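Analysis of the macromolecular model
Listed below are the residues making up each chain.
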Amino acid sequence: MKAAHFLLALVVLSLTACSTTNHAQRGSTKADPETVLVTYHVKSGKEAEFQTLLSRIWQIYRTEHLVLAEPHVIVRATEEGGTRFMEILTWVSHAAPEHVPDSVKTIWGQEQSLCEARGGHTGIEGGEVEIIAGDDD
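Here is a short report on the structure shown in this document.

Each value, and the rule that gives it
- Residues numbered from 1 in each chain as written.
- Predicted model: local features only at pLDDT ≥ 70, side-chain atom pairs only at ≥ 80, totals over all residues.
- Heavy atoms only, no water.
- Helix = DSSP H or I, 4+ residues; strand = E, 2+ residues; numbered from the N terminus.
- Buried < 20%, exposed > 50% of the residue type's maximum accessible area, 1.4 Å probe, protein only.
- Contact = heavy atoms within 4.5 Å.
- Areas by Shrake-Rupley, 256 points an atom, 1.4 Å probe, with all protein chains shown as cover.
- Expected span 1.5 Å × (residues − 1).
- Arc of directions from axis to C-beta.
- Axes fitted to C-alpha atoms, helices over the stretch in contact; angles between N-to-C directions.
- Parallel < 35°, antiparallel > 145°, perpendicular 65-115°, else oblique.
- Left-handed = near helix turned anticlockwise from the far one by under 90°.
- Pairing = 2+ DSSP bridges.

**Some details on the overall build of the protein chain**
If you tally the helices and strands in the protein chain, you get 3 helices and 4 strands. Along the protein chain, helices (α) and strands (β) appear in the sequence α-β-α-β-β-α-β when read from the amino end. Buried residues in the protein chain amount to 39% of all 137 residues. Sequence-distant contacts in the protein chain: of pairs separated by 6 or more residues, those separated by 24 or more amount to 77%. Of the roughly 7,700 Å² that the protein chain leaves accessible, carbon and sulfur atoms contribute 55%.

Quick look at the structure:
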């Protein structure tokens with residue numbers, strides 16, 4: 001169980017650690033929205049189960065007012081050793097991923113169990129990004 005909590009903490013840190021430095025450099029605060037790109041290296045044969053989890057957690061994020069409705073993009077690609085999913089979403093604040101309900105933490109743990117380190121990358125990686133082009137461009 002300690003390992004599961006450690007992995008969950010690692011996921012949370014991977015989603016927030018980069019933003020701690022980046023938002024301070026830009027002059028933003030913990031209250032400002034934070035757009036992140038998260039990469040999931042999903043174990044072979046677990047893709048459908050993982051997609052179901054992504055749908056479920058998105059609904060929880062929205063119900064709990066943790067994320068903005070847009071942008072939200074999920075793409076999938078084949079990579080050596082399996083499938084990679086990439087998700088772009090915007091937390092309502094830099095602090096939001098640090099204060100999620102237990103229902104989110106549970107699904108984060110399930111996501112972690114469906115992912116694996118691959119190609120020199122951890123199972124789940126993420127960090128803050130800046131969208132520079134969109135539908136209007």
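**Remarks on helix H2 (residues 47-63)**
It helps to recall that an α-helix has 3.6 residues per turn; residues three or four apart then point in one direction. In a regular helix each residue adds 1.5 Å, so 17 residues correspond to 24 Å; H2 covers 24 Å between its end C-alpha atoms and thus fits that length. Within H2 the residues assigned to the buried category are Glu47, Phe50, Leu53, Leu54, Ile57, Trp58, Ile60 and Tyr61. Along the axis of H2, the buried positions cluster into a sector of 165 degrees, meaning they face one direction only. Pointing more than 90 degrees away from the buried face of H2 are the exposed residues Ala48 and Thr63. Those residues of H2 that are buried lie in contact with strand E1 (34-42), strand E2 (67-79), strand E3 (82-91) and helix H3 (102-113).

**Overview of the packing of H2 against H3**
Contact geometry of H2 with H3 gives a least axis separation of 10 Å together with a crossing angle of 160 degrees. In terms of their interaxial angle, H2 and H3 are classed as roughly antiparallel. Between H2 and H3 lies a crossing whose hand is left-handed. Of H3, the residues touching H2 (which contributes Phe50, Leu53, Leu54, Arg56, Ile57, Ile60 and Tyr61) are Ser103, Val104, Ile107, Trp108, Gln110 and Glu111.

**As for the environment of Thr29**
Its location among the elements puts Thr29 in the loop between helix H1 (2-26) and E1. With 66 residues separating them in the primary sequence, Thr29 and Ala95 have C-alpha atoms 9.1 Å apart.

**Side note on the pairing of strand E4 (residues 124-128)**
A regular strand places its side chains on the two faces of the sheet in alternate fashion. Of all 5 residues in E4, 4 are buried; the element is thus mostly enclosed. Pairing between E1 and E4: 5 bridges, direction antiparallel. Note that in E4 the partner of Thr39 across the bridge is Glu125.

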